[in-house]
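# Topology and contacts: notes
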Amino acid sequence: MMGRGEERQVVGKNVVRVDGLGLVTGQPLFTQDVPLPGMLVAKVLPSPHAHARIVSIDTAEAEKVPGVACILHHGNTERIPFTTAGQGWPEPSPYDSVLFDRKVRFVGDRVAAVAAVTEDAADEALRKLQVRYEVLPSVLSTEQALSPGAPVIHDEDDARGIYDAKQNVAAAIDVPVEDVERALSEAEVLIEGTAEIPYFQHAAIEPHCVIAYFDEEGRLVLRSATQVPFHTRRIVARLLGLPMTKVRVVKPRIGGGFGSKQEVILEPVAGALALRTGRPVAMTYTREEVFEASRTRHPMRVTVKLGADRDGKVTAVHMDAQSNTGAYGGHSATVLGNVGAMTLPLYNKARAVRFSARAAYTNLPVAGAYRGYGATQGFFALETAMDELAITLGLDPVELRLRNHIRRGETSPLMEKLGEGRKEGVPPVGSCALEACIQQGAAQIGWAQKWRQPRREGDLVYGVGMACAMQGSGITGIDMGAATLMMNEDGSFRLLVGATDLGTGSDTVLAQIAAEELGVGVDAISVYSSDTDFTPFDVGAYASSTTYVSGNAVLRAAREVAKQILEVAAVMLDESSSDLELVEGAVRSRATGSAVRLAEVGHQAAYVADQHQIAATASFVGSESPPPFGAFFAEVAVDTQTGVVQLKRFVGAADCGTVLNPKLAEGQLEGAMVQGIGHAMHEEMRFSEKGRCVNPNFFDYKVPSFLDCGSLEAILVASDEPTGPWGAKAVAEIGINGPLPAISNAIRHAVGARVLRAPFTPERVLEAMTKAEGV
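All residue numbers here refer to positions counted from 1 along the written sequence of the relevant chain. The predicted nature of this model means local features are confined to residues of pLDDT at least 70 and side-chain atom pairs, given and counted, to a pLDDT of 80 or more, with totals for whole chains, interfaces and linings taken over all residues. Heavy atoms throughout the structure, all of them, feed into the side-chain values; hydrogens and water do not.

## Overview of the pattern of salt bridges
Cut-off, in case you're wondering: In the sections that follow, a salt bridge refers to a side-chain nitrogen of Lys or Arg positioned within 4 Å of a carboxyl oxygen of Asp or Glu. Secondary structure counts use DSSP, requiring at least four H or I residues in a row for a helix and at least two E residues in a row for a strand, with both numbered from the N terminus. Under the scheme applied here, a residue whose accessible area is under 20% of the maximum for its type counts as buried, over 50% as exposed, and between as partly exposed, the area being computed with a 1.4 Å probe on protein chains only.
Here the structure, examined in full by the defined rule, presents 40 salt bridges. With a shortest N-O distance of 3.7 Å, D501 and R253 are connected by a salt bridge. Residue D501 is located in the loop between strand 19 (493-497) and helix 14 (506-518), and its partner R253 is located in the loop between strand 11 (247-250) and helix 7 (267-277); the two are separated by 248 residues in the primary sequence. Each member of the pair, D501 as well as R253, carries the same accessibility label: buried. Look at the salt bridges and you will find they share partners, linking R17, D19, R253, D501 and D507 into a network.

## Digging into the nonpolar core
To be explicit about the condition: Side-chain atoms within 4.5 Å are what join buried Ala, Val, Leu, Ile, Met, Phe, Trp, Tyr and Cys residues into a set we call a nonpolar core. Contacts are assigned to residue pairs that have any heavy atoms within 4.5 Å of one another.
Formed by 113 residues in total, the largest nonpolar core has its most connected members in L306, L389, F633, F650, I743 and F760. The contacts of F650, once residues within four sequence positions are left out, are F632, F633, A634, M673, I677, S711, L712, E713, G738, P739, A742 and I743. M487, A570, V587 and F620 belong to the second-largest nonpolar core, a separate cluster that totals 51 residues.

## Let's talk about the pairing of strand 24 (residues 615-621)
The condition is simple: At least two bridges found by DSSP between two strands is the condition for calling them paired.
Alternating residues of strand 24 divide into A616, A618 and F620, all buried, and A615, T617, S619 and V621, none buried. Pairing of strand 18 (residues 480-487) with strand 24, which is carried by 7 bridges, proceeds in the antiparallel orientation. By the bridge assignment for strand 24, M480 is matched with V621.

## Notes on the sheet that holds strand 5 (residues 110-116)
Applicable threshold: Interaxial angle, 0 to 180 degrees, is taken between N-to-C directions of lines fitted to C-alpha atoms, where a helix line uses only the stretch in contact.
Pairing is mixed in the open sheet, where 7 strands are placed in the order 3-5-1-12-9-10-11. The sheet is open, and its two edges are formed by strand 3 (68-73) and strand 11, each paired on a single side. Strand-to-strand twist of the sheet, defined as the mean angle between neighbouring strand axes without regard to direction, takes the value 20°. In this sheet, strand 5 lies alongside strand 3 in antiparallel orientation, the contact comprising 5 bridges. Counted as the bridge partner of L72 is A113 from strand 5. Each of strand 1 (40-46), strand 3 and strand 5 touches helix 3 (residues 119-128); the most contacted strand, strand 1, lies at about 30° to it.

## Thoughts on helix 11 (residues 397-404)
How we decide: By the criterion applied in these results, polar contacts are pairs of N or O atoms within 3.5 Å in which, for protein atoms, one can donate a hydrogen and the other can accept it, and in which residues neighboring in sequence qualify only through two side-chain atoms.
Helix 11 sits mainly inside the fold: 6 of its 8 residues count as buried. For helix 11, the complete set of buried residues consists of P397, V398, L400, R401, L402 and N404. Structurally, the start of helix 11 carries an N-cap: the backbone nitrogen of V398 is 2.9 Å from a side-chain oxygen of D396.

## Details of the packing of aromatic side chains
Applicable threshold: Side-chain rings of Phe, Tyr and Trp, where Trp is taken by its six-membered ring, are said to pair if the distance between their centres is within 6.5 Å; with planes under 30 degrees apart they count as stacked, over 60 as edge-to-face, and otherwise as tilted. The rule for a charge over a ring is simple: NZ of Lys or CZ of Arg within 6 Å of the ring centre, and within 35 degrees of the ring normal.
Counted under the stated rule, the structure contains 9 aromatic pairs. Taken together, the ring pairs in this structure connect F291, F698 and Y701 into an aromatic cluster. For the cation-ring pair, R297 lies above Y370, with the distance from its terminal atom to the ring centre recorded as 4.0 Å. Here the basic side chain of R559 rests over the ring of W726, its NZ or CZ set 5.9 Å away from the ring centre.

## Looking at unusual backbone geometry
P90 follows W89 through a cis peptide bond whose omega is -5°. Tracing the backbone shows P90 in the loop between strand 3 and strand 4 (103-104). Here A758 and P759 are connected by a cis peptide whose omega angle stands at -10°. When you line up the elements, P759 lands in the loop between helix 18 (739-751) and helix 19 (762-774). For N168, which is not glycine, the phi torsion reads 60° and is therefore positive. Tracing the backbone through its elements, the reader meets N168 in the loop between helix 4 (142-146) and strand 7 (169-177). Here the phi dihedral of D610 falls at roughly 45°; this positive angle occurs in a residue that is not glycine. Along the chain, the position of D610 falls in the loop between helix 16 (598-608) and strand 24.

## Regarding the confidence of the model for the chain
Quick note on the threshold: Confidence of the predictor in every single residue is expressed as pLDDT, which spans 0 to 100.
The predicted model of the chain averages 96 in pLDDT, with 98% of residues at 70 or higher. Across residues 1-5, where pLDDT falls below 50, the model places 16 contacts with residues more than four positions away in sequence or in other chains.

## Brief notes about the sheet that holds strand 17 (residues 460-470)
The strands making up a sheet associate through hydrogen bonds between their backbones, and the pairing can be parallel or antiparallel. Pairing is mixed across the open sheet formed by 5 strands, whose spatial order is 16-17-25-26-27. Edge positions in the sheet fall to strand 16 (456-457) and strand 27 (711-717), since each of these pairs with one other strand and no more. When strand 16 meets strand 17, the two strands line up antiparallel, connected through 2 bridges. Residue pairing in the sheet places R456 in a bridge with V461 of strand 17. Relative to the sheet, helix 11 contacts strand 17 and strand 25 (629-639), its axis offset from that of strand 17 by approximately 10°. This element, helix 12 (residues 434-445), spans strand 17, strand 25, strand 26 (645-655) and strand 27 of the sheet and lies at about 25° to strand 25.

## What to know about the packing of helix 15 (residues 546-573) against helix 16
The condition is simple: Any angle that falls under 35 degrees is termed roughly parallel, while one over 145 is termed roughly antiparallel, one within 65 to 115 roughly perpendicular, and all others oblique. Residue polarity follows a fixed list, in which Ala, Val, Leu, Ile, Met, Phe, Trp, Tyr, Cys and Pro are nonpolar, Asp, Glu, Lys and Arg are charged, and the others, Gly among them, are polar.
For the pair helix 15 and helix 16, interaxial distance at closest approach is 10 Å and the crossing angle is 90°. Relative to helix 16, helix 15 is oriented roughly perpendicular. Facing I565, V568, A569 and M572 of helix 15, the residues of helix 16 in contact are L598, E600, V601 and Q604. Residues belonging to the contact of helix 15 with helix 16 are distributed by class as follows: 6 nonpolar, 1 polar and 1 charged.

See the structure below:
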């Protein structure tokens, strides 16, 4: 077993992905790649209204369509309130959903589901369903929802966990630390700004999909594109009245998730249809359905008030957030908490801090988990306010961050009071290379020279902006991951993990963690993940938890297996196990140099003497959530005549602890930054006056390509997280938090106008410029 300081053979290397060959050769790895005999196709009837009661449903004509096998609706299914949010127990989200309801709350809400032998037959049956609605007044904005006398969206009497249903408030938070109002009033400099983001779509290439079927024992199997197999099993079993032993969830390869598939949407419907018909059922959302009926980022308006002294020390911060959770409140409370919890501790020199927030129900699509999970919205407001503070004080924005950011060995009073998880006695930050991130990112983009004077080329004015961010690594005291590691007779290994690889390469990284401990290459380890029948429990892929939580479980299991291997080898070599080490696929004596191959050890344990299975199962629950840190730098060119913003260059430098696989980590950072650039420059779901999304496709909803991102550069800055597996912590989300504020700050630097509503369209830039000129 290796010590932390020894040279590593597998960790930190760009090993080939364990699933790479199958992916590049087009093997049938994804959910819908496995058609089954007799499989039915299921489709959903969406609500055409933003808010209505269902008066009646007549299925007679639909049932006459040849090939129709089953039609489900509120009249023939049991009403069981639940949350679609795939979260750990006890679920923090309100139980405000049912499988089929008597009331619809947004355009696209589920009215009925049809299973038929073909998609055409299912579509025809949907057209022949006769539904009478009582149309109700709709609520299409947070302001309207929270105004006195607004229509009540959740007036059912069996919902649980809603903060104030009569006022359309799904969740609310107010956490003060010391007297913020007094501290702000006494501050030498006061800055206030409000940043706003609209509805954003995750835009995963693979839509939501599931196949429900029965195994040879009659158990329900759900082959699903899910981020949370074990949460899905728990929720579906409850809704369908089945014991967990009768439900198996299998997660194959996934074509992207980004949080959208941390939600249980199609699985219970497909399962219910399969139970009614006794046949396999396949469900796949169209792209339009993904936009309208899956999940989105929470639209939000965040106001930040900063107080500081003349030297640039931040003394007080008040952040207030107004969130739109849409028609249902899954993730409403936890995303809301993270807006403050993941942002305000970054500048811990401010001792007076307050975070207040409300999440409102509206009759618009449902918001849910999205990469960044609240931090993205919070940092947009916080980092633009910090930039304005630097301008007001005449300070370099880089210097302002360096004077105020949290450092290793420090903590923040808000860390115990905000966010997800159990946080009693939160320890100080164990690793932080943010200063190095700032310095390296600034040097890479040429900050010092470019910030001093924006340059002009005709109508184009160039500017630079920067922002800092942090995130987390799992949810403390709640998120648990487990791993089972077994040695085969030939000295190879099987690693069973419940962790969910979304295309991120986590199967590969977990194999690297084990391989390093066992002294073998990744090719000696076969990884099987995300099958509730065969892999141990794991909460799934969210909250940047896999590397830290699941990785620590894998490392614990590997250390126990290594111990067992050394004990068998000690007998074979007639030496003490304490004198032995695992290296290059063998057990070697430090004293004599004698060795046995792992194949010999595996054979010995299985067939020869004291026969037993060399194996271990280990679990991990974090007592802390070590934050990754990042510094982001943007260079833009703004056309002063048209307001068009060109992103010329974007640099992100991230501290994710020890980098376990550089290429995979760079891919995570780059991908997150591209999504954030889309938020800033292009993306926005738009709605009609009746609440219907008018751009539910990739032609009208503009997702950025690399041609839109300028020169994109990712820098990985090493630190050593003492609680992480081989010193690692998370990297998946941090990159999405930087582009919105960094690009906004770059526009401000270029033309002196502050754009605080995303995306930064030419119209909004010109409006901001006109406003700035009139000041």
